[in-house]
Amino acid sequence: WPLKDLLLWNSKPELLACAAQWDPFHSNSFLWMDVEAAEDIGFSETSATLAPPSCRSWSLCLGRNASFPQDFRSRHTRMNHGASPDGDLLLGGREGVLLFALWFQWAISKYLAEGLIDAVPGIIAEIWWHGSFHLEYFDYSHRSHVRRWMLGKSGSRDESRAGTAD
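*Asks:* Would you mind showing me how to read the state of the cysteines here?
*Replies:* Cysteine pairs can be linked by a disulfide, which is a covalent bond between their two sulfur atoms. Across all of its chains, the model carries one disulfide by this definition. With a sulfur-sulfur separation of 1.9 Å, Cys 55 is cross-linked through a disulfide to Cys 61. Side by side, Cys 55 and Cys 61 carry an identical accessibility label, which is buried.

Printed below as a string of structure tokens:
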């Protein structure tokens with residue numbers, strides 16, 4: 001990927017954290033949704049108001065592309081083969097969003113120390129493999145499921161787990 005694209009894409013957690021920090025509307029949850037994600041799952045200006053379920057305190061909910069059979073522990077392998085976390089939808093409470101932004105910066109520094117940079121899915125996988133921050137995944141490979149979930153018509157996530165540093 002071109003570096004300018006990676007810089008833009010990797011700024012999502014920071015922008016979400018800024019919204020959580022400034023919070024002029026006194027919100028309980030914060031959501032990042034890429035424009036193409038909204039189009040993919042059928043949102044338009046005539047869609048219903050989003051009512052996303054809450055994530056656990058101090059955690060972040062995000063999509064997971066189930067078409068990837070596994071995540072690779074190695075940064076180099078992830079960069080060559082991809083990673084299953086998806087950065088199109090990020091959701092969390094104030095504490096989770098702010099803490100995730102710090103962990104994201106930590107992961108970026110790990111890549112930069114090796115002279116590497118990756119897109120959001122690989123950076124998220126790095127955080128997951130470290131195992132100190134709780135990520136709640138939902139299956140993002142079925143856009144209709146995500147739309148029902150985001151509109152509050154489906155109360156369950158497909159998967160919830162924290163990484164382990166084994």
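*Asks:* Sorry, what's going on with the nonpolar core here?
*Replies:* Counting 25 residues, the largest nonpolar core has Leu 60, Phe 100, Phe 104, Ile 124 and Leu 135 as its most contacted members. It is helix H5 (residues 94-113) that contributes the most residues to this core, eight residues altogether.

*Asks:* How should I be thinking about the packing of helix H2 (residues 12-22) against H5 in this particular structure?
*Replies:* Two numbers describe a pair of packed helices, the interaxial angle and the distance between the axes. Relative to each other, H2 and H5 sit at 145°, their axes nearing to 9 Å. Considering how the two elements wind past one another, H2 and H5 form a crossing that is left-handed. Judged by residue contacts, Pro 13, Glu 14, Leu 16, Ala 17, Ala 20 and Gln 21 of H2 engage Arg 94, Val 97, Leu 98, Phe 100, Ala 101, Phe 104 and Gln 105 from H5. Split into classes, the residues belonging to the contact of H2 with H5 amount to nine nonpolar, two polar and two charged.

*Asks:* Which parts of the structure should I look at to understand the side chain of Asp 118?
*Replies:* One can find Asp 118 in the loop between H5 and helix H6 (120-130). Only 3.3 Å separates the side chain of Asp 118 from the side chain of Tyr 111, close enough to count as a polar contact. Apart from the residues within four sequence positions on either side, Asp 118 is in contact with Leu 6, Asn 10, Met 79, Tyr 111 and Ile 123.

Definitions and cut-offs
- Residues numbered from 1 in each chain as written.
- Predicted model: local features only at pLDDT ≥ 70, side-chain atom pairs only at ≥ 80, totals over all residues.
- Heavy atoms only, no water.
- Disulfide = S-S within 2.5 Å.
- Buried < 20%, exposed > 50% of the residue type's maximum accessible area, 1.4 Å probe, protein only.
- Core = buried A, V, L, I, M, F, W, Y, C linked by side-chain atoms within 4.5 Å.
- Helix = DSSP H or I, 4+ residues; strand = E, 2+ residues; numbered from the N terminus.
- Axes fitted to C-alpha atoms, helices over the stretch in contact; angles between N-to-C directions.
- Left-handed = near helix turned anticlockwise from the far one by under 90°.
- Contact = heavy atoms within 4.5 Å.
- Nonpolar A, V, L, I, M, F, W, Y, C, P; charged D, E, K, R; others polar.
- Polar contact = N/O pair within 3.5 Å; in protein donor to acceptor, adjacent residues only side chain to side chain.

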